[in-house]
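# Architecture at a glance
Listed here are the chains, written in short residue letters.
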Amino acid sequence: MTRTKHRKRRPLLTLLVILALFPLAGVAVHRFLPPLATILMVKQAAAGHGMDYRWRSLDRISPRLVEAVIAAEDARFCQHHGFDVEAIQKALEANERAEQRGSGKVRGGSTISQQTAKNVFLWPGRDWVRKGLEAGYTGLIEIGWGKRRIMEMYLNVAEWAPGVYGAEAASRHWFDKSADKLTAREAARLAAILPSPRRYNAGSPGPYVRRRAARIQAAMGTVREQGLDACVDRR
């Protein structure tokens, strides 16, 4: 009887081991190899948006863009270990105030590490299963990749226009130049549209994007002066 129970448990245990190893294998592979595509890329392509995705190493991307996304998205990128508790708390408080006013506007507290984990390994959405997997993958890439690889991956898979992914494709789409030639102003504009890349225009921005880009460009000076990008080593 005992042996029968053990035999019945083996397939379940095997399945659990495979499920546990799958995320580890994915993180290990992408430590060295770029993803062929992400779930979002495939989904958007199926919806008719195409897929312009061009991988570039971090050395071939302007350091101004690194400064811009840190200034805009995650000023404590080099200090936290994947999760910025302070930013999450501020986001919760801001969302509570917005709900009381009835504005319905939701503010996120995700770090660049969390966004990278979501973009590379998971599907779009806000369900709790995805959020739980995102937390697990975030911890794994912080340990297995390090900050420089996380930034490199983030800049290469982020969506910057419908069907346009990564700094190189975005730079050519909006400014007709390669990513290593981006100016501080252009980098700030790209960072400014990241929250809604299908809505805003970096090449001929409207008033909102211009104002946001100006604030980001000013903050990029603080990133340089205070070494907030030191973990990426893009001097």
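Conventions adopted
Residues numbered from 1 in each chain as written. Predicted model: local features only at pLDDT ≥ 70, side-chain atom pairs only at ≥ 80, totals over all residues. Heavy atoms only, no water. UniProt positions renumbered as here; feature names shortened; annotations may be inferred. Core = buried A, V, L, I, M, F, W, Y, C linked by side-chain atoms within 4.5 Å. Buried < 20%, exposed > 50% of the residue type's maximum accessible area, 1.4 Å probe, protein only. Contact = heavy atoms within 4.5 Å. Helix = DSSP H or I, 4+ residues; strand = E, 2+ residues; numbered from the N terminus. Polar contact = N/O pair within 3.5 Å; in protein donor to acceptor, adjacent residues only side chain to side chain. Axes fitted to C-alpha atoms, helices over the stretch in contact; angles between N-to-C directions. Parallel < 35°, antiparallel > 145°, perpendicular 65-115°, else oblique. Left-handed = near helix turned anticlockwise from the far one by under 90°. Nonpolar A, V, L, I, M, F, W, Y, C, P; charged D, E, K, R; others polar. Expected span 1.5 Å × (residues − 1). Arc of directions from axis to C-beta. Phe/Tyr/Trp six-rings, centres within 6.5 Å; stacked < 30°, edge-to-face > 60°. Salt bridge = Lys/Arg side-chain N within 4 Å of Asp/Glu carboxyl O. Disulfide = S-S within 2.5 Å.

In the annotation of an unreviewed UniProt entry, the protein chain is listed under the name Biosynthetic peptidoglycan transglycosylase and assigned to Brevundimonas vancanneytii. Listed in UniProt under the heading Sequence similarities (unreviewed entry), the comment for the protein chain reads: "Belongs to the glycosyltransferase 51 family." What the UniProt record of the protein chain gives under Function (unreviewed entry) is the line "Peptidoglycan polymerase that catalyzes glycan chain elongation from lipid-linked precursors."

## Some words on the nonpolar core
Core analysis: the largest hydrophobic core is formed by 54 residues, its most contacted members being Leu-65, Val-69, Met-151, Leu-155, Trp-160, Trp-174 and Leu-190. Ignoring any residue separated from it by four or fewer positions in sequence, one finds Leu-65 in contact with Leu-155, Trp-160, Ala-167, Leu-182, Ala-187 and Leu-190.

## Brief notes about the side chain of Asn-156
Topologically, Asn-156 is positioned in helix 7 (residues 147-157). Here Asn-156 falls in the buried class, since its relative accessible area comes to 0%. One polar contact links the side chain of Asn-156 to the main-chain carbonyl oxygen of Glu-152, over a distance of 2.8 Å. Filtering out sequence-adjacent residues up to four positions away, Asn-156 remains in contact with Tyr-53, Arg-54, Trp-55, Arg-56, Ile-61, Tyr-165, Gly-166 and Ala-167.

## Thoughts on the packing of helix 3 (residues 63-73) against helix 9 (residues 184-193)
One way to put it is that helix 3 packs onto helix 9 with a least axis distance of 8 Å and a crossing angle of 40°. Judged by the inter-axis angle, helix 3 sits oblique to helix 9. In the packing of helix 3 onto helix 9, the handedness of the crossing is right-handed. Each of Arg-64, Leu-65, Ala-68, Val-69, Ala-72 and Glu-73 in helix 3 lies in contact with helix 9, whose residues at this interface are Ala-184, Ala-187, Ala-188, Leu-190 and Ala-191. Along the lines of polarity and charge, the residues of the contact of helix 3 with helix 9 split into 9 nonpolar, no polar and 2 charged.

## Remarks on helix 6 (residues 128-144)
The terminal C-alpha atoms of helix 6, which comprises 17 residues, lie 24 Å apart, in line with the 24 Å expected from a rise of 1.5 Å per residue. For helix 6, the complete set of buried residues consists of Arg-130, Glu-134, Tyr-137, Thr-138, Ile-141 and Glu-142. An end-on view of helix 6 places all buried positions within 135° of arc, on one side of the element. Seen from the buried face of helix 6, the exposed residues on the opposite side, beyond 90 degrees, are Trp-128, Val-129 and Ile-143. For helix 6, the capping residue at the N-terminal end is Asp-127, with a side-chain oxygen 3.3 Å from the backbone nitrogen of Val-129.

## Section: the packing of aromatic side chains
In this structure the tally under the stated criterion is 3 aromatic pairs. When the ring of Phe-121 is compared with that of Tyr-137, the centres are 4.3 Å apart and the planes differ by 5°; the resulting orientation is stacked. Here the residue Phe-121 occupies a position in helix 5 (residues 112-121), and Tyr-137 occupies one in helix 6, the gap between them amounting to 16 residues. Assessed through its relative accessible area of 15%, Phe-121 is described here as buried. A residue is classified by how much of its surface remains accessible, and Tyr-137, at 7% relative accessible area, is buried. Judged by centre distance (5.9 Å) and plane angle (35°), the rings of Phe-121 and Trp-145 are tilted.

## Observations concerning the pattern of salt bridges
According to the stated counting rule, one finds 15 salt bridges in the structure shown. In this structure, Glu-67 and Arg-224 form a salt bridge, with 2.8 Å as the shortest nitrogen-oxygen distance. Remark: Arg-224 occurs in helix 10 (residues 207-225) and Glu-67 occurs in helix 3; sequence separation between them is 157 residues. Using a relative accessible area of 1% as the deciding quantity, one classes Glu-67 as buried.

## A look at helix 2 (residues 39-46)
Turning to helix 2, its buried residues number three or more, namely Leu-40, Met-41 and Gln-44. For helix 2, the angular spread of the buried residues around the axis is 100°, confining them to a single face. Elements in contact with the buried residues of helix 2: strand 1 (52-53), helix 7, strand 2 (159-161) and strand 3 (164-165). After helix 2 finishes, the residue Gly-48 shows a positive phi value of roughly 95°.

## Things to note about the state of the cysteines
Two cysteines joined by a covalent bond between their sulfur atoms form a disulfide. As enumerated under the stated definition, the model contains 1 disulfide in all. A sulfur-sulfur distance of 2.0 Å marks the disulfide that ties Cys-78 to Cys-231. Here Cys-78 and Cys-231 share a disulfide; its torsion about the S-S bond, -75°, makes the bridge left-handed. One end of the pair, Cys-78, is in the loop between helix 3 and helix 4 (85-101); the other, Cys-231, is in the segment after helix 10, with 153 residues separating them in the sequence. We classify Cys-231 as partly exposed; its relative accessible area is 27%.

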